[in-house]
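Each chain is listed here by its residues.
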Amino acid sequence: MTIDFSRFYRHDELSALLHDLVRDHPDRLRIDSMGKSHEGRDIWVLTLTRFATGAAEHKPALWVDGNIHAAELLASTAVLYFLDHLLRHDESDARVRHLLDTRAFYLVPRLCPDGAELALSDRPRHIRSSTRAYPFEDAPLDGMVIEDIDGDGRILSMRIADPNGGWKPHPEDSRLMIPREPGEIGGQYYRMLPEGRVLQHDGVGFKLNPDREGLDLNRNFPSDWRQEYKQQGAGPYPTSEPEVRAMVDFVVRHPNIGAAVSFHTHSGVILRPMGTEPDEKMIPEDLWMYKRLSAAASEQTGYPALSIWHDFKYHPQQVISGTQDWIYEHLGALFWVVELWAPNRAAGIDKYPFIDWYREHPPEDDLKLLKWSDEVCGGEAHVSWKAYEHPQLGPVEIGGWDRMNFWRNPPAALREAEVARFPGWLKQLAAILPRLELVELSVQCLGQADGPIHPTGARHYLIRFAVENSGYLPSYVSRRALERKTVRGLIFECFPKCEEATHSLAALGAADPIDEGSYHPQMRPYLRFLSGTQRAEGPSLEGHAAKQSLQAFLPDRGICAHRHLHQWQVAALPGTRLEVIARSERAGLIRSELCLD
Ligand SMILES: [Zn+2]
């Protein structure tokens, strides 16, 4: 099964491709539908881990999704590329092998299949996300509807000669439109409009209609959700949209997800929380961790790593909230947004203010982009102006920047190289997750159990069950998780290995199936806890991340906090078999058996 990373797959092709991959790797890969989109398409989630070394839900997990925004198709490619990388290198790369043995990956290549399908249709439209009409059902009766009017499969700009227009051709290259200077007169000016059709044109002016599909699925998450008037595309209530509900439900049902990455386009940056508050309000230990891991991300991918709040606000007085807030701020798992692809950087514009550049930038930047379009993109990233007889507006010219095919996503030849930046960093994220490992499981007989409460022949035993966190991150992953109480300490359990007997006792209506006075030897093994309880909560475990330098004022007092010994004293009959479990929401599960002699 070979995936062509230079092309974008339509839903049916993507579904077939994913099922083929699962058929080729049944020991490692599983596919499930997380739910149905608004139009009824399956939202696929792939579970990747070596099933022979344990169930996915018993291992720490990394979540990677893409394409929640309809036209950000390269985001799907990035997820597919990572999936393919892990499958392809499982045999040859010891690190990948280790990850598939000890970690799980939940991969969702396309969160918004309906919007992506529209972007890939024969007459494509690039809407924000879902195809559901929102906030109102009504189709517009008047005004301009943005669409491909000349049928060339792309939506460009229209320029119309107008003495009061705000734009003029660049003196060095008349294809390039630049803003008219304040107070400037005497030139050839143009009015710039998006390509589209005008309904009920009165011959004078018109409004520009927003897309009827006005949802932004990334504004529909439960954390810091705000109504439409504060946050465009929010939906009527948090998780009102089936695509978001499917993801939220899946993540909530998989508390083993300790880190997550969502791929978007474009800007060529890696964004970290928080989105709704400044760094000063962030828990310092989490901020330090985030900064360290973001710097590593930047080094491995070549993308700058930024804070959403400090460096990536669309408007300085507006905050937006989405996946990043929900996964970090609510759940306390680590989360990054990747905005893939920066045409500016491809054109040699290295230092630019990420968001502000789109509001205003020097014409020299546009000349560089034009050169890039001519030399690398066959003159297609900026399309030369072509006369067109517009049905409502009369003679216009259609052309300009093709943002659909060169901004939202890179041209076909550049796609694979762009997504190939990411497997290294994503593997690192999976590798740093906390993971429980067994240190010691032993049993020592302390002698005969005396007194009339025990059956004849019962003995006292001491069970030692020691585990450690072999990961870099603590078992709780972030302090935020502790603050929000989304994780507990380690849970230790011990019970007799005799399920049928326990069932039969339950059927008899016994209140406590383990420790009771009415022991009956035919029913199940005798087990009485003398110290410790059948289920107990222990501490959280630290990871091996260095907390401070070796020159720090005081030594790190938590140097052995990555290990814990849990002990039980029980009375039981020799030959009793016990099952012991240590588990943590985010660090996995250890299950073992022992026999009391
Ligand atoms: Zn996006």
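Residues numbered from 1 in each chain as written. Predicted model: local features only at pLDDT ≥ 70, side-chain atom pairs only at ≥ 80, totals over all residues. Heavy atoms only, no water.

Moving on, we get to the overall build of the chain. A count of helices and strands for the chain gives 16 helices and 24 strands. Taken along its principal axes, the extent of the C-alpha atoms in the chain is 110 × 60 × 45 Å. When the accessible area of the chain is evaluated, it comes to approximately 26900 Å², of which 51% is carbon and sulfur surface. Across the chain, the 67 positively charged side chains and the 84 negatively charged ones have centroids separated by 4 Å. (Helix = DSSP H or I, 4+ residues; strand = E, 2+ residues; numbered from the N terminus. Areas by Shrake-Rupley, 256 points an atom, 1.4 Å probe, with all protein chains shown as cover. Lys, Arg positive; Asp, Glu negative; His and termini not counted. Charge placed at Lys NZ, Arg CZ, Asp CG, Glu CD.)

Here the domain parsing of the chain yields domain 1 (11–122 + 214–341 + 411–431), domain 2 (143–211 + 345–406) and domain 3 (436–595). Computed from C-alpha coordinates alone, the two centres of domain 1 and domain 2 are separated by 33 Å. Counting residues at the interface gives 15 residues for domain 1, matched by 11 residues for domain 2. The three residues of domain 1 that bury the most area against domain 2 are S267, W341 and P411, which together make up 37% of that side's buried surface. (Domains from an automatic or database assignment. Contact = heavy atoms within 4.5 Å. Buried area = accessible area lost by both parts, 1.4 Å probe.)

The subject of this paragraph is the coordination of the zinc ion. Each pair of donors in an ideal octahedron of six around a metal sits at 90 or 180 degrees, and each pair in an ideal tetrahedron of four sits at 109.5 degrees. The zinc ion binds to the protein through H69 (ND1), E72 (OE), E72 (OE) and H264 (ND1), with metal-donor distances spanning 2.0 to 2.4 Å. Coordination geometry of the zinc ion: the 4 donor atoms subtend angles of 56 to 151° at the metal centre, consistent with an arrangement described as irregular. Along the chain, the residues that donate to the zinc ion are spaced as H-x2-E-x191-H. With H69 in the loop between β3 (61–66) and α2 (74–89) and H264 in strand β11 (residues 257–265), this residue pair connects regions lying 195 residues apart in the sequence. H264 matches H69 in its accessibility class, with the two residues each being buried. (Donors = N, O, S within 2.8 Å, 3.2 Å for Na, K, Ca; no water. Tetrahedral: all angles 85-135°; square planar, octahedral: opposite > 155°, others 65-115°. Buried < 20%, exposed > 50% of the residue type's maximum accessible area, 1.4 Å probe, protein only.)

Another point: the packing of α2 against helix α13 (residues 412–419). Helix packing for two helices is described by the angle between their axes and how far apart those axes are. One way to put it is that α2 packs onto α13 with a least axis distance of 9 Å and a crossing angle of 50°. In terms of orientation, α2 and α13 fall into the oblique class. Like other packed secondary-structure pairs, α2 and α13 cross with a definite hand, here right-handed. On the side of α2, the interface is formed by L74, T77, A78 and Y81, while α13 contributes R415, E416, E418 and V419. Classifying every residue of the contact of α2 with α13 gives 4 nonpolar, 1 polar and 3 charged. (Axes fitted to C-alpha atoms, helices over the stretch in contact; angles between N-to-C directions. Parallel < 35°, antiparallel > 145°, perpendicular 65-115°, else oblique. Left-handed = near helix turned anticlockwise from the far one by under 90°. Nonpolar A, V, L, I, M, F, W, Y, C, P; charged D, E, K, R; others polar.)

Within the element layout of this structure, T323 appears in helix α8 (residues 323–330). Look at T323 and you get buried, because its relative accessible area is 3%. Contact partners of T323, with chain neighbours within four places excluded, come to N218, F221, M247, S262 and F335.

Moving on to the sheet that holds strand β22 (residues 563–572). The 4 strands lie next to each other as β17-β18-β22-β20, forming an open sheet whose pairing is antiparallel. Either end of the sheet is taken by a strand with one partner, and the two such strands are β17 (436–448) and β20 (527–531). Neighbour-to-neighbour, the strand axes of the sheet open up by a mean angle of 30°, direction not taken into account. In this sheet, β22 lies alongside strand β18 (residues 459–469) in antiparallel orientation, the contact comprising 10 bridges. Its bridge partner being in β22, F465 is matched across the sheet by H566. (Pairing = 2+ DSSP bridges.)

There is about 310 Å³ of room inside the second largest pocket. What lines the second largest pocket is a set of 15 residues, and nearest its centre among them are E285, W288, M289, R479 and K547. At 5 residues, the largest contribution of residues to the lining of the second largest pocket is made by helix α6 (residues 284–301). Considering only residue class, the lining of the second largest pocket consists of 8 nonpolar, 1 polar and 6 charged. Structurally, the lining of the second largest pocket is a two-domain feature, drawing no fewer than three residues from each of domain 1 (11–122 + 214–341 + 411–431) and domain 3 (436–595). (1 Å grid on protein atoms, 1.4 Å probe; cavity = no way out; pocket = protein on both sides within 12 Å on 5 of 7 lines; lining within 4 Å. Points joined across faces, edges and corners; volume = space filled by probe spheres on them.)

The next thing to look at is α8. Counting buried positions over the 8 residues of α8 gives 7, a clear majority of the element. Along α8, the positions that sit buried rather than exposed are T323, Q324, D325, W326, I327, Y328 and E329. Considering only its buried residues, α8 is in contact with α5 (242–253), β11, α6, α7 (308–311), β14 (334–340) and α15 (479–483). Backbone geometry just after α8 places G332 at a positive phi near 75°.

This brings us to empty space enclosed by the protein. Per the counting criterion, the structure on display carries 3 cavities of 30 Å³ or more. If you add up the space inside the second largest cavity, you get close to 50 Å³. For the second largest cavity, the full set of lining residues is I3, D4, F5, R7, F8, Y9, L14, L73, S76, T77, L80 and R110. Of the residues assigned to the lining of the second largest cavity, the class counts are 7 nonpolar, 2 polar and 3 charged.

Attention shifts here to unusual backbone geometry. A cis amide bond, omega 0°, links Y134 with the succeeding residue P135. Counting through the fold element by element, P135 comes out in the loop between α4 (113–119) and β5 (143–146). That bond from T265 to H266 is cis: its omega, -10°, falls within 30 degrees of zero. One non-glycine residue, D224, lies in positive phi territory at about 55°. Looking at where D224 falls in the secondary structure, it is placed in the loop between β10 (196–199) and α5. Positive phi is not limited to glycine here, since S267 has a value of about 155°. When you line up the elements, S267 lands in the loop between β11 and β12 (269–272).

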